[in-house]
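Residues per chain are reported as follows:
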Amino acid sequence: MPMPFLGKNHLYWCNNCNIPILEKNNCSICNFSTEKVPITAPYDVRPAFDKDLELIRRTIDNQFGKGLGLKVIEDHKIILLNKAPYFDRMDEIILDGKILGTIRYNIERAQPIWEFIPRIEGAKRLAKFGCKKWVKVDEDAVKFIRQAANVLAPGVIDNDNSIEYDEYVIVINPNSEAIGIGVSRATGKEIPKKKKGMVVKTKRGIQDATLNILPSGQTWDLVLEANSKMLENKEKHALNLIKNVIKRYDLPKLVSFSGGKDSICTLMLVLESGIDFKVFYLDTGIEFEETLNYVNEIIRDFKLNDSFILCKTDEDFFKNIETQGVPGKDYRWCNRLLKLNVIIQMIEQNFPEGIITFVGSRKYESFSRYQDSLKGHIVKSKLINKQINVNLIINWTALHVWLYIFSKKVKYNPLYKLGYERIGCMYCPANKLADLEILKEIHPELYEKWHKILENQAKKFNYPQEWITKGFWRYNNKEKWRLNTDY
Ligand code: SF4
Ligand SMILES: [Zn+2]
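Residues numbered from 1 in each chain as written. Chains lettered and ligands numbered in written order. Predicted model: local features only at pLDDT ≥ 70, side-chain atom pairs only at ≥ 80, totals over all residues. Heavy atoms only, no water.

**Student:** Which residues make up the coordination of the zinc ion (ligand 2), and what are the values?
**Tutor:** Looking at the zinc ion (ligand 2), the protein donor atoms are Cys 14 (SG), Cys 17 (SG), Cys 27 (SG) and Cys 30 (SG), and they sit 2.2 to 2.3 Å from it. For the zinc ion (ligand 2), the 4 donor atoms in the first shell make angles of 97 to 114° at the metal, a pattern classed as tetrahedral. The sequence pattern formed by the donor residues of the zinc ion (ligand 2) is C-x2-C-x9-C-x2-C. Judged by its relative accessible area of 0%, Cys 27 falls in the buried class. (Donors = N, O, S within 2.8 Å, 3.2 Å for Na, K, Ca; no water. Tetrahedral: all angles 85-135°; square planar, octahedral: opposite > 155°, others 65-115°. Buried < 20%, exposed > 50% of the residue type's maximum accessible area, 1.4 Å probe, protein only.)

**Student:** Summarise the packing of helix H6 (residues 228-248) against helix H12 (residues 398-408); cite the residues concerned and give the values.
**Tutor:** One way to put it is that H6 packs onto H12 with a least axis distance of 11 Å and a crossing angle of 95°. Of the possible angle classes, the one that applies to H6 and H12 is roughly perpendicular. On the side of H6, the interface is formed by Met 230, Leu 231, Lys 234 and Glu 235, while H12 contributes His 400, Leu 403, Tyr 404, Ser 407 and Lys 408. The residue makeup of the contact of H6 with H12, split by class, is 4 nonpolar, 2 polar and 3 charged. (Axes fitted to C-alpha atoms, helices over the stretch in contact; angles between N-to-C directions. Helix = DSSP H or I, 4+ residues; strand = E, 2+ residues; numbered from the N terminus. Parallel < 35°, antiparallel > 145°, perpendicular 65-115°, else oblique. Contact = heavy atoms within 4.5 Å. Nonpolar A, V, L, I, M, F, W, Y, C, P; charged D, E, K, R; others polar.)

**Student:** Explain the pattern of salt bridges residue by residue, including any values.
**Tutor:** Following the criterion strictly, the structure yields 33 salt bridges and no others. Among the salt bridges present, the one from Asp 44 reaches Arg 362, with a minimum N-O distance of 2.9 Å. Of this pair, Asp 44 sits in the loop between strand S3 (35-36) and strand S4 (45-47) while Arg 362 is found in the loop between strand S18 (355-359) and helix H11 (367-373), placing the two residues 318 residues apart along the sequence. For the pair formed by Asp 44 and Arg 362, the shared burial category is buried. Connected through salt bridges with shared partners, the residues Arg 104, Arg 109, Glu 115, Asp 166 and Arg 185 form a single ionic network. (Salt bridge = Lys/Arg side-chain N within 4 Å of Asp/Glu carboxyl O.)

**Student:** Break down unusual backbone geometry for me, with residues and values.
**Tutor:** Omega for the bond connecting Ala 41 with Pro 42 falls within 30 degrees of zero, at 15°, which places this linkage in the cis form. Relative to the helices and strands, Pro 42 resides in the loop between S3 and S4. Here His 76, not a glycine, exhibits a phi torsion of approximately 55°, which is positive. If you trace the backbone, His 76 turns up in the loop between helix H2 (68-72) and strand S5 (80-83). When its relative accessible area of 58% is taken as the criterion, His 76 is described as exposed. In this structure, Asp 166 is a non-glycine residue whose phi angle is positive, near 65°. In this structure, Asp 166 sits in the loop between strand S11 (156-159) and strand S12 (168-172). Its relative accessible area of 28% is what places Asp 166 among the partly exposed residues.

**Student:** Which residues make up the sheet that holds strand S9 (residues 134-137), and what values go with them?
**Tutor:** Read across the open sheet, the 6 strands follow the order S10-S14-S13-S12-S9-S11; overall the sheet is mixed. Among the strands making up the open sheet, the edge pair consists of strand S10 (151-152) and S11. Relative to S12, S9 is paired through 3 bridges, and the arrangement is parallel. The partner of Lys 136 across the bridge, within S12, is Ile 172. (Pairing = 2+ DSSP bridges.)

**Student:** With reference to specific residues and values, describe a negative patch on the surface.
**Tutor:** Judged by side-chain charge, Asp 314, Glu 315, Asp 316 and Glu 322 come together as a negatively charged surface patch. Here Asp 316 is to be found in the loop between strand S17 (308-312) and helix H9 (317-324). (Patch = residues over 30% accessible without salt bridge, like charges linked within 9 Å, V, L, I, M, F, W, Y side chains within 5 Å. Areas by Shrake-Rupley, 256 points an atom, 1.4 Å probe, with all protein chains shown as cover. Lys, Arg positive; Asp, Glu negative; His and termini not counted. Charge placed at Lys NZ, Arg CZ, Asp CG, Glu CD.)

**Student:** Give a detailed account of the environment of Asp 50, specifying residues and quantitative values.
**Tutor:** Among the structural elements, Asp 50 can be located in helix H1 (residues 50-64). Along the chain, Asp 50 and Tyr 416 lie 366 residues apart, while their C-alpha atoms are 9.7 Å from each other.

**Student:** Describe H1, listing the residues and the values that go with them.
**Tutor:** Between the first and last C-alpha of H1 there are 21 Å, a value that for 15 residues agrees with the 21 Å anticipated at 1.5 Å per step. Along H1, the residues that are buried comprise Asp 52, Leu 53, Leu 55, Ile 56, Arg 57, Thr 59, Ile 60, Gln 63 and Phe 64. Once H1 finishes, Gly 65 follows within two positions and takes phi at roughly 120°, a positive value. (Expected span 1.5 Å × (residues − 1).)

**Student:** Kindly report on the packing of aromatic side chains, identifying the contributing residues and their values.
**Tutor:** Within this structure, the stated rule accounts for 24 aromatic pairs. With a centroid separation of 6.0 Å and an interplanar angle of 70°, the aromatic rings of Phe 318 and Tyr 427 are classed as edge-to-face. Residue Phe 318 is located in helix H9, and its partner Tyr 427 is located in the loop between H12 and helix H13 (433-442); the two are separated by 109 residues in the primary sequence. Lying across the ring of Phe 318, Lys 449 places its NZ or CZ 4.0 Å from the centre. (Phe/Tyr/Trp six-rings, centres within 6.5 Å; stacked < 30°, edge-to-face > 60°. Lys NZ or Arg CZ within 6 Å of the ring centre and 35° of its normal.)

Shown next, in the form of structure tokens:
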């Protein structure tokens, strides 16, 4: 699943301090040279929060044995996640400057499940710590497996008998070192009985046994210290942009605040500039209560009450579903009805002469945002007349944004800590199915409400079960009712 290019990979690692360094070939703390981390595009890397780590460790425990999660993904280290292309949520897990594996919500199976797919570093650690799901081959087979050849039955000398068909397994040599990662093509009970044929389809061969586990004890404060110059430059650039906008346009200024990380980052930059501005939040009626509370807290904490414009749509999302059906990624009627119309009205009432709006769009988020970024930082809105958008963080990755937030010690939306990577409306078709699983956990009644709506729609139009279970409801166009990776 190749990804379109959205921007450069800015992630480097100092193996001496064991921390990420953005945009630099050497570490400002120890002066050692850094190494680029070979993550997958679009390179929108972010910190792993406690809930993410809990999920990853639990998934590793379920697959490879109790207690392995915490051994492989250690505590007191800087751990990052990098969004990778897949049908649903999939993230590369970065630790010690290496990709240990990926965690994904596998919706290709009849029952979706969370799955840990080890990469070379992850497999070496799993083997070292005595995992389940291993297949041991004889010395003659080792060099072929290291080159990613499939594991054939005659080469197997032992195996874990809990292996099920079509599971990720670690191939080990007679010394129990990892030499490959693959997917089982026979169960653990069948393997010893097989005389010929493939038993593991090898996905990656592992050339050498060296395992470099770096010391722990790093903190985000250390990461901030090492990246402070870069953050200063980013801030300086954004403040200059604000200055230029002020010079160029004699119009009122507004910060569009959604309660997400990109908009708090934008708000902090505009606050830092010291200009006069208003803050706008739009309640679509399908907002998370966590977001509504958070927005109020920020407005209160920064004493922005007098500048705050809070709008709420009169439209009822659920009533509109009766006539328009559920919204899709390709049919975002809710965007016009619940958002655009309200914004247009708000601008006409409050800013008839026009408005400069500071928004938190980033090119690393999606292909359409990347295309928008080609027009520059200051863009006339295509959808709202009289609105000029200023994208202060268009070239920032999620990690730039998070570091800026951490450096300002400002509160961020608690939903991130609960596992959300992106925050929008609760029932947004742009959400992953994995996001709905989080909703099920934190607000079961709201999840049920949505599930009932989907069931009623499926019944009314005689849609297949996959329309719900595989998330095809998120596309209006029936031709897209297959697993796909729209970006
Ligand atoms: S964020 Fe999603 S659900 Fe909300 S208005 Fe936009 S498209 Fe619709
Ligand atoms: Zn260093």
